[in-house]
Amino acid sequence: MNPFEYHRATDAADALRSIGGVDGARFIAGGTNLLDLMKEGVARPARLVDITHLPLREVRVTERGGLHVGALVRNADLAWHPEVQRRYPLLAEALLAGASPQLRNMATVGGNLLQRTRCYYFYDIVTPCNKRAPGSGCPAIEGLNRIHAILGASEQCVAVHPSDMCVALAALEAVVHVQGPQGERSIAMADFHRLPGDAPERDTTLAADELVIALELPPDPFARHSCYLKLRDRRSYAFALVSAACALDIAQGRIRSARIALGGVAHQPWRRCEAEALLAGQVPGVAAFEAAAAVLVEGARALEHNGFKIELARRTVVRALLQAAGMEAGA
């Protein structure tokens, strides 16, 4: 047993007061990841601060024409929200590709941002893991590493980020709004998740005493030409081996701008602006898409069991771009 305190926060200020100064305190909302980690002994919080009663469930159009999404909006509700279906179908597709209907009904947007890797060694508390116990080692590097990173890894960690939603948010260049003791700040999705480096225990740039309060989606010119494509071992409730969130702004038969993000390949959703810039001004087609995909996975390094991911990532990007351009029907 891991004894812990429980506190139900009445507002954001109360939540921040309750989390501050308590080593190992955690916020809890849907609990779809945290409770699993607690059951496995990976997470042993000293205090749980329940934020489910905070007024963070609003979805509204912003003055700039984007979309504000409260951190406690359920994944299922967001996926089927009329504004998301109409203006951000890429996000809706990614949300509906994740988990199961039961989990989507409980999981929150804020929790999805913060979910942790599904690396086998991270979940097995009898094995070393630098993410769980810094300095203990990374057995995945020499062990079973079929699902692990091919991009952005380090000698300390080769785990991958598991979220589908975050891959779409990276492509859409969403902004995360957080609140802490010093006030509110905004973090671009590109800066929210970290590569492992020498501190793989830190998944994000969020401070321990900061609370995610909302997401903001910018006005989006990509609604007509986008695709989220997820490749996995089974269609029902499995994490991505490789996924791609692709969006194109096409006018008069040419690509004006493009967004491409890969999932299942790195410690964060993977983007390279150079790959996207390569498509600007191009006529949509296999040759242009293959060139962009090659740049996106440039520098990929295979481990013993995951070399297939490099070619799979290239092909996934090309196929997703073809579907986004309307040149190939979706599955």
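Heads up: the structure comes first, above all this text.
Residues numbered from 1 in each chain as written. Predicted model: local features only at pLDDT ≥ 70, side-chain atom pairs only at ≥ 80, totals over all residues. Heavy atoms only, no water.

A.B. asks: Would you mind going over the packing of helix H12 (residues 286-296) against helix H13 (residues 308-324) with me for this structure?
C.D. replies: Two numbers describe a pair of packed helices, the interaxial angle and the distance between the axes. One can describe the packing of H12 onto H13 by two numbers: an axis separation of 9 Å at closest approach and a directional angle of 140 degrees. With respect to H13, the element H12 is oriented oblique. Here the hand of the crossing between H12 and H13 comes out right-handed. Of the residues in H13, those in contact with Val-286, Phe-289, Glu-290, Ala-293 and Leu-296 of H12 are Arg-314, Val-317, Val-318, Leu-321 and Leu-322. Here the contact of H12 with H13 is built from residues that sort into eight nonpolar, no polar and two charged. (Axes fitted to C-alpha atoms, helices over the stretch in contact; angles between N-to-C directions. Helix = DSSP H or I, 4+ residues; strand = E, 2+ residues; numbered from the N terminus. Parallel < 35°, antiparallel > 145°, perpendicular 65-115°, else oblique. Left-handed = near helix turned anticlockwise from the far one by under 90°. Contact = heavy atoms within 4.5 Å. Nonpolar A, V, L, I, M, F, W, Y, C, P; charged D, E, K, R; others polar.)

A.B. asks: Got a minute to help me understand the nonpolar core in this structure?
C.D. replies: A general tendency of soluble globular proteins is for nonpolar side chains to be buried together. With 40 residues, the main nonpolar core has Leu-78, Leu-91, Leu-113 and Leu-169 as its most contacted residues. Element by element, the count of residues in this core is highest for helix H9 (residues 165-172), at eight residues. Not counting residues up to four positions away in its chain, the partners in contact with Leu-78 are Val-59, Val-69, Val-73, Val-84, Leu-91, Leu-95 and Val-109. Counting 33 residues, the second-largest nonpolar core is a separate cluster that includes Val-242, Trp-270, Ala-275 and Ala-324. (Core = buried A, V, L, I, M, F, W, Y, C linked by side-chain atoms within 4.5 Å. Buried < 20%, exposed > 50% of the residue type's maximum accessible area, 1.4 Å probe, protein only.)

A.B. asks: Is there a simple way to explain the sheet that holds strand E8 (residues 211-217) in this structure?
C.D. replies: Pairing between sheet strands relies on hydrogen bonds along the backbone, with the strands arranged either parallel or antiparallel. Within the open sheet, the five strands sit side by side as E4-E5-E8-E6-E7. Their pairing is antiparallel. Sheet topology places strand E4 (59-61) and strand E7 (183-188) at the edges, where each strand pairs with a single neighbour. Strand-to-strand twist in this sheet, taken as the mean axis angle between neighbours without regard to direction, amounts to 20 degrees. (Pairing = 2+ DSSP bridges.)

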